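Report on the structure
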Amino acid sequence: MDGTELASDPARCVEFALDQVRVEDGHLVLRITPADLVHLRIETDIVLREIRGEALRAEHAWRRALGEWHEEGRSAVEARAPDVTLLARVLEALRREALVLV
């Protein structure tokens, strides 16, 4: 990866503190031992597992809250008595519309 590519967006950069880093022909050269690769893989797996766990916990909390909101809404709708005068006006308007169309 070119050094200018790394400098273009610091949020996308990862900093390595290894002794085996050098610059050749404008490129960053990194020499990693197999043990370093294994360690990097293990650390990556641990972090990804933590991220997945947090995402699952957030999804579970969201689903639980959504279920509570749905239940509260349904209870509120079921507890409310229908507005008879509104229903009568709607029916009357439908009847007038039916008489006009005939």
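Residues numbered from 1 in each chain as written. Predicted model: local features only at pLDDT ≥ 70, side-chain atom pairs only at ≥ 80, totals over all residues. Heavy atoms only, no water.

**Topic: the overall build of the protein chain**
The helix and strand inventory of the protein chain stands at three helices and two strands. Put simply, the protein chain runs from its N terminus to its C terminus through helices and strands in the order α-β-β-α-α. Across the 102 residues of the protein chain, 1% fall into the buried class. Entry remark: accessible area of the protein chain is about 9500 Å², with carbon and sulfur atoms responsible for 62%. (Helix = DSSP H or I, 4+ residues; strand = E, 2+ residues; numbered from the N terminus. Buried < 20%, exposed > 50% of the residue type's maximum accessible area, 1.4 Å probe, protein only. Areas by Shrake-Rupley, 256 points an atom, 1.4 Å probe, with all protein chains shown as cover.)

**Considering the pairing of strand E2 (residues 27–30)**
Pairing analysis gives four bridges linking strand E1 (residues 21–24) to E2, with the strands arranged antiparallel. The partner of Val23 across the bridge, within E2, is Leu28. Between E1 and E2, which pair antiparallel and follow one another directly, the connecting turn spans two residues, one of which, Asp25, has a positive phi of 55 degrees. (Pairing = 2+ DSSP bridges.)

**Some thoughts on the pattern of salt bridges**
Within this structure, the stated rule accounts for six salt bridges. Glu71 is the partner of Arg74 in a salt bridge, and the nearest nitrogen-oxygen pair spans 2.9 Å. In this pair, Arg74 and Glu71 both sit in helix H2 (residues 34–79), three residues apart, roughly one turn of the helix. When its relative accessible area of 40% is taken as the criterion, Arg74 is described as partly exposed. (Salt bridge = Lys/Arg side-chain N within 4 Å of Asp/Glu carboxyl O.)

**A closer look at a nonpolar patch on the surface**
Taken together, the side chains of Val21, Val23, Leu28 and Leu30 make up a nonpolar region of the molecular surface, amounting to roughly 320 Å² of accessible area. Listed by contribution, the elements that provide at least two residues to the nonpolar patch are E1 and E2. Taking relative accessible area as the criterion, Leu30 reaches 33% and is therefore assigned partly exposed. (Patch = residues over 30% accessible without salt bridge, like charges linked within 9 Å, V, L, I, M, F, W, Y side chains within 5 Å.)

**Observations regarding the confidence of the model for the protein chain**
In the predicted model, the protein chain carries a mean pLDDT of 79, and 76% of its residues have values of at least 70. Per-element confidence in the protein chain ranges from a low mean pLDDT of 58 for helix H1 (residues 3–8) to a high of 89 for H2. (pLDDT = per-residue confidence, 0-100.)

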